[in-house]
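Tertiary structure, described
So the chains spell out like this:
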Amino acid sequence: KIDYEFDIDPALLEYRTLKLLLQPIVENSIYHGLKNKRGKGRVKVTGRMRHNLMILEVSDDGVGMEPEAVASSLWQSSGKSFGLKSANERIKLIFGHEYGLDIRSVPGEGTTVAITLPLRRQEDEEEAG
């Protein structure tokens, strides 16, 4: 019932991210985006570097969200958006308020959650610790 695709720039593999960051976002795509869609659904995870940023995106071709739901999903603690809200808060707490999630959605067409993080290498963390 679900097709998936990963398209990650191999250069990103030397950089760190937060543990379990993508899991709640992919889970939301499947459960809230694709569960009620007729026919087969698709989830795509992409990863790119842009300037000194890591941009990860989780996209689905599911039922999408109304603008009000998109606006509230990052600040309400409802069952539908708890994972998104928590992921966004963790990013901001660890990296700063300029980083976090951005949600774009079109009802009936799907949703994309973009995650913006600073580029941090594994060895940078070890030297700082």
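A brief report on the enclosed structure follows. Everything numeric in this text was worked out from a predicted model, so none of it was measured.

Procedures and definitions
Residues numbered from 1 in each chain as written. Predicted model: local features only at pLDDT ≥ 70, side-chain atom pairs only at ≥ 80, totals over all residues. Heavy atoms only, no water. 1 Å grid on protein atoms, 1.4 Å probe; cavity = no way out; pocket = protein on both sides within 12 Å on 5 of 7 lines; lining within 4 Å. Points joined across faces, edges and corners; volume = space filled by probe spheres on them. Helix = DSSP H or I, 4+ residues; strand = E, 2+ residues; numbered from the N terminus. Nonpolar A, V, L, I, M, F, W, Y, C, P; charged D, E, K, R; others polar. Pairing = 2+ DSSP bridges. Buried < 20%, exposed > 50% of the residue type's maximum accessible area, 1.4 Å probe, protein only. Phe/Tyr/Trp six-rings, centres within 6.5 Å; stacked < 30°, edge-to-face > 60°. Right-handed = clockwise from strand over helix to strand, strands pointing away.

**Comments concerning the layout of surface pockets**
If you add up the space inside the second largest pocket, you get close to 170 Å³. When residues of the lining of the second largest pocket are traced back to their parent elements, those giving at least two are strand E1 (2-8) and strand E3 (53-60). Among the residues making up the lining of the second largest pocket, the classes are represented as 10 nonpolar, one polar and no charged.

**Description of the pairing of E3**
Note: strand E2 (residues 41-50) against E3, eight bridges, orientation antiparallel. Bridge pairing in E3 places Arg48 opposite Ile55. Counted along the chain from E2 to the antiparallel partner E3, the turn is two residues long, and its residue His51 has a positive phi close to 60°. Bridge count between E3 and strand E5 (residues 110-118): eight bridges; the pairing is antiparallel. Bridge pairing in E5 places Leu56 opposite Ile115.

**Some points on the environment of Glu66**
Position of Glu66 relative to the elements: it lies in the loop between E3 and helix H2 (67-72). According to the relative accessible area criterion, Glu66 is partly exposed, its value standing at 45%. In this structure, the C-alpha to C-alpha distance between Glu66 and Ser105, residues 39 residues apart in sequence, is 7.4 Å.

**Some words on the packing of aromatic side chains**
Overall, the coordinates contain two aromatic pairs when judged by the stated rule. Look at Tyr4 and Phe6: their rings are 5.8 Å apart centre to centre, the planes differ by 65°, and that puts the pair in the edge-to-face class. For the pair formed by Tyr4 and Phe6, the shared burial category is exposed. The interplanar angle of 75° and the centroid separation of 6.3 Å between the aromatic rings of Phe95 and Tyr99 together place this pair among those described as edge-to-face. Here the two residues Phe95 and Tyr99 agree in accessibility, since each one is buried.

**Here's the deal with the pairing of E1**
Note that E1 and E2 share seven bridges and pair parallel. Counted as the bridge partner of Asp7 is Thr46 from E2. For the crossover from E1 across helix H1 (residues 22-34) to E2, the handedness is left-handed.

Everything listed here is a matter of coordinates, which is why it stays silent on function.
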